[in-house]
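# An overview of the molecular structure
Listed below are the residues making up each chain.
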Amino acid sequence: MSEIEPNVIFSIENLNRDYICALDKLDMNKWLACFNKQGTYKLISNENESRGYPIAFMLDDKFERLQDRVTQVNDIQADSTEHYQMRHMTQLTSITDLGNNRYQADYNFTVYYTQNLIETSSILCVGRYEDIILIENGASFLQRKAVIDTNVLPRYVAYPV
Amino acid sequence: MSEKFIIEPTMEWPAKYNEVPKEVFEKEELWPLELEKIFYGDEWHPVVHQSEIPNIGDYKAADLGEIPIFAVRGEDNKIRIFQNTCTHRGTTLVTESLGNKKEFECPYHRWLFSPEGELVGCPNSREFTPGFDKKDFSLPTFRTEEFCGLYFITMSDTVAPLKEYLGKDFYEPLSRILGGDGRLKFAGYQKVHYDCNWKAYCDNDGYHAPLLHLAFKMLNWQGGKGVQNVSENGHLSFESELKIPDDITALKDASILDFKGTETSTGSIVQMQFPLTVYSKHMDMLNVRYAYPKGPKGIEVHYAYFTHEDDDDEMIEHRIRQASNLLGPCGLISMEDASIFSRIDKGNKTPGMAIFQKGVKDEYQLELKVGQNDESGNLPRWEHYRKLMGFKRAES
């Protein structure tokens, strides 16, 4: 990481901070704003990812899908799901310069959840982000892929992580 | 020594066929009896589709009730299902959910088994009991049958052969979920734990679909003509046309709902095999939901998805996009079901009866003929459960 300019690290960390704060506040429009117009999001188990099985928990492979994810959370499922509060803990583990202002960044993460705000807190999932980030007039995700070690989710998952 | 009495747990069952005591979801002492009478009794249980373990030596671990098992593809290309236990001192032989091994070695005393289940090595066997013969120590297996590439097991010697057990109304639509001919390719799992008794997980009904699923309403997605077939031994099979509107304004990318279909497809098939397996085909998603109760409370569901060997790249991508966004524990249309499981479990701690209404014409008669959106289709499975468990129905 030593060859990466400090302002690049700063931009990447800022983007990640915007992302996790958006989710912890469940502000889906701010979540969407973290993505580039060419951006994609995927939530997949490590079991599938490591064996080359393509099935994901969430697969937003174009910007319209990301927009529909916002609609799904805000409008479609709002009445039927049991809400839970998320807290994301992340740690940057590597940055690689891919050229053309693109960077690959990896994070470890843990997401805690507290259901209905009245119960005890538990771990929703543990994993890693594999990101492709474009730094051009600020930073945005070309790809945020969350690969979770938690192959068996402890409950249904209503929001992206 | 005093004589040993085993007192089996029992329950009062109401005279009305449309009432189920809520206690049945909560009474923990029922679980050992359910294992004996249902999971280890006269029922068939799916374990693996051949496409999940396509190569020689591929294995998949699973459970039958509380018994750890694994399926493995042998050198002869045959799939066998064994108890996951060394025949010496009982250590499990596989610890990963999926994998590939040429041989299965117990780490404890290095007993070695072939993928065909034979004991092929055991150190120092000259010092074993007189008459020790490796042939007597093969891995314990099960009565096994295959249907469209899906392998089922039972611990019963007396239950009818698989197709007879399932019945034509069940296995015919199931064959279409399994691609018509079973020539599927495995695409991956979504695994989740639901916080409810196993019977609450599989008590979903035909009445809820247009009402719970706001996604259906929002998408202006109306179910077309359809049928619900139920059998006396508790299997349910729903089949319906899907009328997906051409213009879905709620979504920016409505291609996620495309039904590309094939000649072996109808829009929607959902099947529940007693005691707790769900199979579904909505649009182009081919899905088997293996389910594993974790004792009396909690159930782990493994949604397994498939593509067909004849699919072109576009169809494969479509099936993957659809399955990864619409079904499972995060899916647009099935998350709402998941939200019910824990709520129904909490609610069933209250006293009294869960009461079925929709489609019930006579509370004192069991009816096998039910409409597409009736919840009375669940009543034959409850009656089957009651009989298996030996609970006496009150007189009317």
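Small disclaimer: the values here were computed from a predicted structure and weren't measured. (Residues numbered from 1 in each chain as written. Chains lettered and ligands numbered in written order. Predicted model: local features only at pLDDT ≥ 70, side-chain atom pairs only at ≥ 80, totals over all residues.)

## Let's talk about the overall build of chain B
If you tally the helices and strands in chain B, you get 9 helices and 20 strands. For chain B, whose C-alpha radius of gyration is 23 Å, the value lies close to the compact-globule estimate of 21 Å for 396 residues. With respect to the three principal axes, the spread of C-alpha positions in chain B is 75 × 65 × 35 Å. Looking at chain B as a whole, 43% of its 396 residues are labelled buried. (Helix = DSSP H or I, 4+ residues; strand = E, 2+ residues; numbered from the N terminus. Rg over C-alpha atoms; globule rule 2.2 N^0.38 Å. Buried ≥ 20, exposed ≤ 12 C-beta atoms within 10 Å, placed from the backbone.)

## What about the domain arrangement of chain B?
Residues and elements named next belong to chain B. Domain boundaries assigned for chain B yield domain 1 (45-147) and domain 2 (168-387). Placing a centre on the C-alpha atoms of domain 1 and another on those of domain 2 gives a separation of 33 Å. Elements with a minimum of two residues in the side of domain 1 that touches domain 2: strand 2 (45-49) and strand 3 (58-64). Split by residue class, the side of domain 1 that touches domain 2 holds 3 nonpolar, 2 polar and 2 charged. (Domains from an automatic or database assignment. Nonpolar A, V, L, I, M, F, W, Y, C, P; charged D, E, K, R; others polar.)

## What about the interface of chain B and chain A?
Taken together, the contact pairs 34 residues of chain B with 33 residues of chain A. Secondary-structure elements contributing two or more residues to the side of chain B that touches chain A are strand 12 (184-194), helix 6 (214-218), strand 18 (299-308), helix 7 (313-326) and helix 8 (335-347) of chain B. For the side of chain B that touches chain A, the per-class residue count stands at 19 nonpolar, 8 polar and 7 charged. In terms of strand pairing, strand 7 (residues 152-153) of chain A meets strand 12 of chain B through 2 bridges, oriented parallel. By the bridge assignment, Leu153(A) is partnered in strand 12 of chain B with Val192(B). (Contact = placed C-beta atoms within 7 Å. Pairing = 2+ DSSP bridges.)

## Examining the nonpolar core
All names here are of chain B. Formed by 130 residues in total, the largest nonpolar core has its most connected members in Val47, Ala71, Tyr201 and Tyr305. Split by domain, the residues of this core number at least three in each of domain 1 (45-147) and domain 2 (168-387). Sequence-distant contacts of Ala71, defined by excluding residues within four places in its chain, comprise Val47, Val48, Ile53, Tyr59, Lys60, Ile79, Ile81 and Tyr151. (Core = buried A, V, L, I, M, F, W, Y, C linked by C-beta atoms within 7 Å.)

## What to know about the sheet that holds strand 3 of chain B
Residues and elements named next belong to chain B. Strand order across the open sheet formed by 4 strands is 5-4-3-6, with antiparallel pairing between neighbours. Pairing within the sheet leaves two strands with one partner each, and these edge strands are strand 5 (79-83) and strand 6 (98-100). The mean inter-strand angle of the sheet, taken between neighbouring strand axes irrespective of direction, is 30°. Across 3 bridges, strand 3 lies against strand 6 in antiparallel orientation. If you follow Asp58 over to strand 6, its bridge partner there is Asn100. (Axes fitted to C-alpha atoms, helices over the stretch in contact; angles between N-to-C directions.)

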